[in-house]
Amino acid sequence: MSLLSDLVNLNLSDTTEKVIAEYIWIGGSGMDLRSKARTLNGPVKDPSKLPKWNYDGSSTNQAPGEDSEVILYPQAIFKDPFRRGNNILVMCDAYTPAGEPIPTNKRHAAAKIFSHPEVLAEETWYGIEQEYTLLQRDVKWPIGWPLGGYPGPQGPYYCGIGADKAFGRDIVDSHYKACLYAGINISGINGEVMPGQWEFQVGPAVGISAGDELWVARYILERITEIAGVVLSFDPKPIQGDWNGAGAHTNYSTKSMRNDGGYEVIKKAIEKLGLRHKEHIAAYGEGNERRLTGRHETADINTFLWGVANRGASIRVGRDTEKAGKGYFEDRRPASNMDPYVVTSMIAETTIIWKP
Amino acid sequence: MAQILAPTTQCQMRITKNSLTASPMTTKTWSSLLLKQKKSGNTKSLSKFRVYALQSENSTINRLENLLNLDVTPYTDKIIAEYIWIGGSGIDLRSKSRTISRPVEHPSELPKWNYDGSSTGQAPGEDSEVILYPQAIFKDPFRGGNNILVICDTYTPAGEPIPTNKRARAAEIFSNQKVINEVPWYGIEQEYTLMQTNVQWPLGWPVGGYPGPQGPYYCGVGADKSFGRDISDAHYKACLYAGINISGTNGEVMPGQWEYQVGPSVGIEAGDHIWCSRYLLERITEQVGVVLTLDPKPIEGDWNGAGCHTNYSTKSMREEGGFEVIKKAILNLSLRHKEHISAYGEGNERRLTGKHETASIDTFSWGVANRGCSIRVGRDTEKQGKGYLEDRRPASNMDPYVVTSLLAESTILWEPTLEAEALAAQKLALKV
């Protein structure tokens, strides 16, 4: 197999100017990532210089067979950690040939919200904590779990080490470096409470880039699990019973919240979120009702609750923020399968634009 | 010969060539241990996903190793810092990482952090934040480059050390001027046992049976005597790379049991280095798919336990006339035997039986070159009239912050009453 390895890792920059661009988009379920590659004549740094492309939407449930072309608009460029050199990953969103965003394109509406002058002025920062579960390939059972049985109860696994406590670290560690290489603002990783479950954090990212970076980080993660022969799941409650679910806690702040007197702004923002609890919950991920039960460090899905350092609340404010009188807050409601374009723009919309 | 799940014979360490220009750090970059375990019977390995880079079965080649060993220093100044702390049981290690904007030299340059104490038995759910204070930096042998490991201790948001934080109290003792003046040195001999995954049975032992009796295994070589050498050897280099003061390793008397020594370290460093070395050891066993145990008596019966003998000396002990100082220290220790024993590790009573090179847990004894004593003084020390003593009582699961600071406290800061001293001196036949 060494010849194949040599070819995959071939460094082309000595022999040609040409560059490979992997165009990435979100498919018909709103959660499945798709990609295909094309050759460019030379290195490109600016997404607006990349050509628009198209794909067969009838194969991803996004267009009918008789009119199947869906157009890809390049929106963000990252370095390709698999191909290296000058090769790139390109995050795209999807449009009809007429130029309308197709229904599964959530980025377009988010970009509008983030270009609103009030939102721009507030410089919205996001830190997203993406949790995920690794499953054995042919059975839908988490890695490290014995087939036909269960591991010992939760307790030793959170940030744990050791062959009996941490399953899949190589995936997590290679993902960390791959994201740093790609230019994604990955800020940390940790082993989670349920064995076989992990988390990485992206941020702080401003406005629409939070969504772009998280989607590309998810793409890189699934490419890595593909190499490792393991299945990636963003299901919010992969195993029923006394096992934690998987969330995507979203940390958020605006300029006013980060300045002196910010704590009052935070409290007002939380109040507004409380008034739109149902709307937010409906947009925070499919299947979230299996996860938000009020147990396992969640608040019940029908309750809106906030508190300082309280991990059983819908919104948690850190002790630092309380003490300093300014900072950020954490929305703990989004599920791991949430769309970050939707969640980030909705939080901005509710707290900055919306008037109750 | 029974099936031996011994990684030793099958571990391959591959140094992957980085195609990037090497900065001084990358030449020492670690590659993950790739274990190719040959399994007899059906080789459907799906249920046994290993935590290390997997060889896929569908002819894709494995590029995980390239990513794991990626040297990001040409692309970014950012480094990854793995913050390490001790969890709620006092012996479980936890860690998580964060990105730091550029390389740092000193722990004071690193930000404090926090974690979810309710998930480690260290805080309630409604007030779950526990704060991490960085205390010591080591180089990360798994990630290479400028990436680091950070040993931390744990505090409430109000700034109080939480109950499982033993380092804070030790640091106080080690900042006492009298202790500083005595420059206490520690050499700690950490023993540990390797267990097969999925069964609670030592590495190399036949499942459902026992190996031949103790005798051939101590410092032994050979596939029938030494089980898991790759772990011990990989750990040795990893510690040297990290900057830990590891001074040696050896195979132990019980098969599947090993020892490494850290020292000489001054004061609080001893604790930091031992905890970081334990972290590296468990990360390595995780990669190999073997379970690490620090239990002081993993197998009942005619099998050695695992200890953490602590060698100790002060400036006065190392200078002319030091032997008298050593005897006075032993006298102090004899009067505080119960306090020390209660702090020397859970389950030690199963190990300190008076057999298998230990002294009984209820008896305090000392002797020159005597391995059946609580405290052993080497022949060199006796001959030269100066040197150090070895406290053989601590168990392998002891907390080095507690043991090292307690030794300093009892021998430098604590004074017995004159009558107690005289009585003890008689009992121990010490003329001080």
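Shown above is the structure to which this text applies.
Note that the coordinates shown come from a computational prediction; the quantities given were computed from them, not determined experimentally.

Enquirer: So what about the overall build of chain B? Which residues, and what values?
Expert: Looking only at helices and strands, chain B features 12 helices and 15 strands. Put simply, chain B has 432 residues, and 57% of those count as buried. When contacts within chain B are restricted to residue pairs at least 6 apart in sequence, long-range pairs at least 24 apart make up 67% of them. For chain B, the accessible area works out to roughly 18,100 Å², and carbon and sulfur atoms hold 52% of it.

Enquirer: Quick rundown of the overall build of chain A? Include the residues and the values.
Expert: Within chain A, the regular secondary structure consists of 11 helices and 13 strands. A globule of 356 residues ought to have a C-alpha radius of gyration of about 21 Å, and chain A, at 21 Å, matches this closely. Overall, the C-alpha framework of chain A stretches about 60 × 55 × 40 Å when taken along its three principal axes. The buried share among the 356 residues of chain A stands at 58%. Considering only intrachain contacts with a sequence separation of at least 6, the fraction spanning at least 24 residues in chain A is 65%. Of the roughly 14,100 Å² that chain A leaves accessible, carbon and sulfur atoms contribute 52%.

Enquirer: How would you explain the side chain of B:R167 if you had to name every residue and give the values?
Expert: Residues and elements named next belong to chain B. Position of R167 among the secondary structure elements: in helix α2 (residues 167–174). Reaching out from R167, the side chain makes a polar contact with the side chain of D272 at a distance of 2.9 Å. Apart from residues no more than four positions distant in its own chain, R167 is found in contact with Q135, D153, I268, D272 and Y401.

Enquirer: Quick rundown of a negative patch on the surface? Include the residues and the values.
Expert: Where like charges cluster on the molecular surface, the negative patch consists of A:D56, A:E66, A:D67 and A:E69. In this fold, A:D67 is placed in the loop between β3 (53–56) and β4 (69–79).

Enquirer: Just give me the short version of the pairing of strand β6 (residues 129–139) of chain B, but keep the residues and values in it.
Expert: Residue and element names in this part refer to chain B. Two strands pair when backbone bridges link them, and strand β5 (residues 113–116) and β6 are joined in this way by 4 bridges, in the antiparallel orientation. Bridged to Y115 within β6 is V130. Of the pairings in the sheet, the one linking β6 to strand β7 (residues 148–155) comprises 8 bridges and is antiparallel in character. In the sheet register, K139 faces β7, and the bridge partner there is I148.

Enquirer: Kindly report on helix α4 (residues 169–182) of chain A, identifying the contributing residues and their values.
Expert: All names here are of chain A. Its 14 residues give α4 an end-to-end C-alpha distance of 20 Å, which sits within 8% of 20 Å, the value for a rise of 1.5 Å per residue. Of all 14 residues in α4, 14 are buried, a share of seventy percent or more. Within two residues after α4, G183 carries a phi angle of roughly 100°, on the positive side.

Enquirer: An account of the packing of helix α5 (residues 269–288) of chain B against helix α11 (residues 400–413) of chain B is needed here, citing residue identities and associated values.
Expert: All names here are of chain B. It is the contact of α5 with α11, at a shortest axis distance of 8 Å, that shows an interaxial angle of 155°. On the basis of their axis angle, the class for α5 and α11 is roughly antiparallel. The crossing of α5 and α11 is right-handed. From α5, A270, G271, D272, I274, W275 and R278 reach across to α11, where they touch P400, Y401 and T404. Classifying every residue of the contact of α5 with α11 by side-chain character gives 5 nonpolar, 2 polar and 2 charged.

Enquirer: I'd love a proper account of the packing of helix α4 (residues 229–242) of chain B against α5(B), names of residues and values included.
Expert: Residue and element names in this part refer to chain B. Interhelical geometry of α4 versus α5 gives an angle of 135° and a closest axis separation of 10 Å. Compared by their axis directions, α4 and α5 come out oblique. Where α4 crosses over α5, the two elements pack in a sense that is right-handed. Across from I231, A234, H235, A238, C239 and A242 in α4, the residues of α5 making contact are S277, L280, L281, I284, T285 and V288. Considered class by class, the residues forming the contact of α4 with α5 number 9 nonpolar, 3 polar and no charged.

Enquirer: Can you explain unusual backbone geometry? Please cite residues and give values.
Expert: For the bond from A:G203 to A:P204, the omega torsion is -5°, close enough to zero to count as cis. Its place among the elements puts A:P204 in strand β8 (residues 197–206). Along the chain, B:G263 connects to B:P264 via a cis peptide bond; the corresponding omega equals -5°. Residue position: B:P264 is located in strand β10 (residues 257–266). One non-glycine residue, A:H296, lies in positive phi territory at about 55°. By the secondary structure assignment, A:H296 is in the loop between α9 (288–291) and β11 (306–308). Residue A:H296 is classed as buried on the basis of its relative accessible area, which comes to 16%. We note that B:V183 has phi near 40°; this positive angle belongs to a residue other than glycine. Along the polypeptide, B:V183 turns up in the loop between α3 (177–182) and β8 (185–195). Relative accessible area serves as the criterion here: at 28%, B:V183 is assigned to the partly exposed category.

Enquirer: How would you summarise the pattern of salt bridges if you had to cite specific residues and measurements?
Expert: Summed over all chains, the structure comprises 41 salt bridges over all chains. Measuring nitrogen to oxygen at the nearest pair gives 2.7 Å for the salt bridge that ties A:E22 to A:R83. Placement of A:E22 in strand β1 (residues 19–26) and of A:R83 in the loop between β4 and β5 (88–95) is noted, with a sequence separation of 61 residues between them. With relative accessibility at 29%, the residue A:R83 sits in the partly exposed group. With a closest N to O distance of 3.3 Å, B:D224 and B:K225 form a salt bridge. Residue B:D224 is classed as partly exposed on the basis of its relative accessible area, which comes to 41%.

Enquirer: So what about the packing of aromatic side chains? Which residues, and what values?
Expert: Pairs of aromatic rings are described using the distance from one ring centre to the other and the angle between the two planes. As enumerated under the stated definition, the model contains 24 aromatic pairs over all chains in all. Summarising the aromatic geometry, the rings of A:Y73 and A:Y95 are spaced 3.9 Å apart at their centres and angled 20° between planes, so their arrangement reads as stacked. In this pair, A:Y73 sits in strand β4 while A:Y95 sits in strand β5, placing the two residues 22 residues apart along the sequence. Residue classification places A:Y73 among the partly exposed residues on the basis of a relative accessible area of 22%. Put simply, the rings of A:F114, A:Y126, A:Y252 and A:F329 touch in pairs and so form one group of aromatic residues. Taking NZ or CZ as reference, A:K79 lies 4.8 Å from the ring centre of A:Y181, over its face. The aromatic ring of B:Y241 is capped on one face by B:K139, whose charged end is 4.5 Å from the ring centroid.

Enquirer: Account for helix α7 (residues 262–275) of chain A, naming residues and giving values.
Expert: Between its terminal C-alpha atoms α7(A) stretches 20 Å, which fits the 20 Å expected from 14 residues at 1.5 Å a residue. Of the residues making up α7(A), those classed as buried are A:G262, A:Y263, A:I266, A:A269, A:I270, A:K272 and A:L273.

About the thresholds
- Residues numbered from 1 in each chain as written.
- Chains lettered and ligands numbered in written order.
- Predicted model: local features only at pLDDT ≥ 70, side-chain atom pairs only at ≥ 80, totals over all residues.
- Heavy atoms only, no water.
- Helix = DSSP H or I, 4+ residues; strand = E, 2+ residues; numbered from the N terminus.
- Buried < 20%, exposed > 50% of the residue type's maximum accessible area, 1.4 Å probe, protein only.
- Contact = heavy atoms within 4.5 Å.
- Areas by Shrake-Rupley, 256 points an atom, 1.4 Å probe, with all protein chains shown as cover.
- Rg over C-alpha atoms; globule rule 2.2 N^0.38 Å.
- Polar contact = N/O pair within 3.5 Å; in protein donor to acceptor, adjacent residues only side chain to side chain.
- Patch = residues over 30% accessible without salt bridge, like charges linked within 9 Å, V, L, I, M, F, W, Y side chains within 5 Å.
- Salt bridge = Lys/Arg side-chain N within 4 Å of Asp/Glu carboxyl O.
- Lys, Arg positive; Asp, Glu negative; His and termini not counted.
- Charge placed at Lys NZ, Arg CZ, Asp CG, Glu CD.
- Pairing = 2+ DSSP bridges.
- Expected span 1.5 Å × (residues − 1).
- Axes fitted to C-alpha atoms, helices over the stretch in contact; angles between N-to-C directions.
- Parallel < 35°, antiparallel > 145°, perpendicular 65-115°, else oblique.
- Left-handed = near helix turned anticlockwise from the far one by under 90°.
- Nonpolar A, V, L, I, M, F, W, Y, C, P; charged D, E, K, R; others polar.
- Phe/Tyr/Trp six-rings, centres within 6.5 Å; stacked < 30°, edge-to-face > 60°.
- Lys NZ or Arg CZ within 6 Å of the ring centre and 35° of its normal.

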